[in-house]
Amino acid sequence: MRHLIICPEYPPAPIPTGGIGTYVRNIARLLAEAGETVHVIGPLWQEASEPVEELLGGRLIVHRLPADRALDVPWNQGREALALDELNWLAWSALPAHSFSMQAALYAEKLIEDVGIDLIEAQEYDAPLYYFQLRRSLGLGPDRQPPCIVHLHSPSEMIFHYNDWNMARDDIRDARQMETFSIRNADLLLCPSRYLARQSEKHYNLDTDSINTIPLPVGNTPYLVRNIDVWREGSICFVGRLEPRKGVVEWIDAAVAVANEYPALHFEFIGADLPYGEGRSVREHLESRIPGARMAQFAFRGNVSLDQLMDYLGKAKIAVVPSRWENFPNTCVEAMRTGLPVLASANGGMTEMIEDGSSGWIARSQDPAGLEKALRTALQTPELELASMGRRAAERIGGVCNNDETLARHLELRSDLVMRSRPAGPT
């Protein structure tokens with residue numbers, strides 16, 4: 001099959017690589033290594049300046065789209081080109097993602113005509129498939145219309161809600177409308193967690209069990225061997241963007257409550273900082289909640305490279321995912337795969353990964369008191385038992401997110417979708 005995946009976060013990208021970009025990088029490589037042909041549409045920018053790059057013997061072809069000029073491809077059946085001023089208007093609209101979505105639609109139509117794409121996949125977040133699906137519904141574009149897969153990662157509406165952001169903003173209004181259209185007009189829906197799949201079926205008024213669940217592939221994250229000193233004295237590590245949805249405010253309060261009793265304990269925060277409000281960032285808000293006497297126990301590292309991330313995880317004895325809401329966080333997958341037990345809230349697919357008391361701890365509530373109680377339990381675990389829990393975490397996630405099994409399930413679903421979407425031949 002010839003797959004096309006549209007991903008404005010495909011690394012390297014102008015924004016820090018998150019779970020969406022990591023998933024696309026992993027699944028595209030797995031499909032290509034299995035002999036499939038995979039095209040990926042991502043952003044063209046200074047750190048990814050080649051318009052087309054062929055990898056894995058030509059099985060993985062990455063196409064990069066510019067944000068500052070219109071593509072020289074057909075706009076409609078009259079062969080009228082999208083003008084630069086129209087593209088700029090989209091880029092300066094309430095939701096700049098309009099621009100990439102339009103460019104991706106035009107380029108996808110060109111690939112369909114030139115190389116015969118069999119199916120297209122994109123995330124729901126910011127709806128990069130929106131204009132392709134809209135044009136398809138209007139009868140525009142190429143005669144051959146491959147089926148579309150929408151992969152549920154993190155609907156903007158839920159992100160705004162759990163970040164306590166203003167739901168009346170123009171950008172969330174546009175994103176909500178575009179994402180809803182994209183989800184409801186998909187030929188197949190995928191989601192890595194049963195947690196979000198069931199939420200989405202209810203929220204978008206979809207049929208029960210209409211969303212297929214396949215866990216994220218584990219990728220090539222290494223298992224890290226830690227010595228006994230790390231299990232005794234290692235850090236407590238949070239990885240993820242600093243945003244309220246990730247539970248960092250509640251986690252800081254829980255960590256501060258415990259830090260007084262464990263003056264040698266060290267808390268790491270790894271991830272990009274975001275605005276919080278009132279002229280300060282989330283990091284500044286978190287730091288304001290840490291007493292001066294305890295400040296040295298907390299370190300904020302910002303966004304780091306993958307090698308640096310592995311170094312920090314290798315010096316940790318526990319990872320935390322204290323989120324108010326999550327789907328199937330790749331940060332949890334990575335931490336477990338390196339051999340770390342994970343302390344997490346129950347508000348997401350973490351409960352589908354972690355076995356409470358065996359490969360980590362599930363907090364009974366996501367508030368500071370619930371997280372504090374789970375942290376105290378974790379800290380009372382002897383270092384040799386922590387090491388055993390870390391090994392069980394790596395084994396557990398290696399089974400849940402097994403690359404071969406995940407690939408096989410993707411190929412089965414995709415093949416069936418393509419077969420069902422082909423027009424019936426003469427009888």
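Because the structure is a prediction, the values reported are computed rather than measured.

## Focus on the pattern of salt bridges
Next, step 1: If you walk through the whole model with that rule in mind, you get 31 salt bridges.
Next, step 2: Residues Arg2 and Asp118 are paired through a salt bridge, measuring 3.7 Å at the closest nitrogen-oxygen approach. Here Arg2 is found in strand S1 (residues 2–6), whereas its partner Asp118 is found in the loop between helix H3 (97–115) and strand S5 (119–123), with 116 residues between them in sequence.
Next, step 3: Of the residues examined, Arg2 reaches a relative accessible area of 34% and is grouped as partly exposed.
Next, step 4: Between Asp416 and Arg420 there is a salt bridge, with its nearest N and O atoms 2.8 Å apart. Within this pair, Asp416 and its partner Arg420 are both found in helix H15 (residues 403–421), separated by four residues, close to a single helical turn.
Next, step 5: Among the residues examined, Arg420 registers a relative accessible area of 52% and is labelled exposed.

## Let's talk about helix H14 (residues 383–400)
Next, step 1: A rise of 1.5 Å per residue sets the reference length of H14, with its 18 residues, at 26 Å; its end C-alpha atoms lie 25 Å apart and thus fit the reference within 8%.
Next, step 2: All buried positions along H14 are accounted for by Leu386, Ala387, Ser388, Met389, Gly390, Ala393, Ala394, Ile397 and Gly398.
Next, step 3: Those residues of H14 that are buried are in contact with helix H8 (228–233), strand S14 (316–321), helix H12 (330–337), strand S16 (360–362) and helix H13 (368–379).

## Observations regarding the environment of Gln145
Next, step 1: Take Gln145: it is sitting in the loop between helix H4 (130–137) and strand S6 (148–151).
Next, step 2: Here the alpha-carbon distance between Gln145 and Arg422, two residues 277 residues apart in the chain, equals 9.5 Å.
Next, step 3: Among residues more than four places away in sequence, those in contact with Gln145 are Phe132, Arg136 and Leu140.
Next, step 4: Within the local environment of Gln145, its side chain forms a polar contact with the backbone oxygen of Pro142, the two atoms lying 3.0 Å apart.

Parameters at a glance
Residues numbered from 1 in each chain as written. Predicted model: local features only at pLDDT ≥ 70, side-chain atom pairs only at ≥ 80, totals over all residues. Heavy atoms only, no water. Salt bridge = Lys/Arg side-chain N within 4 Å of Asp/Glu carboxyl O. Helix = DSSP H or I, 4+ residues; strand = E, 2+ residues; numbered from the N terminus. Buried < 20%, exposed > 50% of the residue type's maximum accessible area, 1.4 Å probe, protein only. Expected span 1.5 Å × (residues − 1). Contact = heavy atoms within 4.5 Å. Polar contact = N/O pair within 3.5 Å; in protein donor to acceptor, adjacent residues only side chain to side chain.

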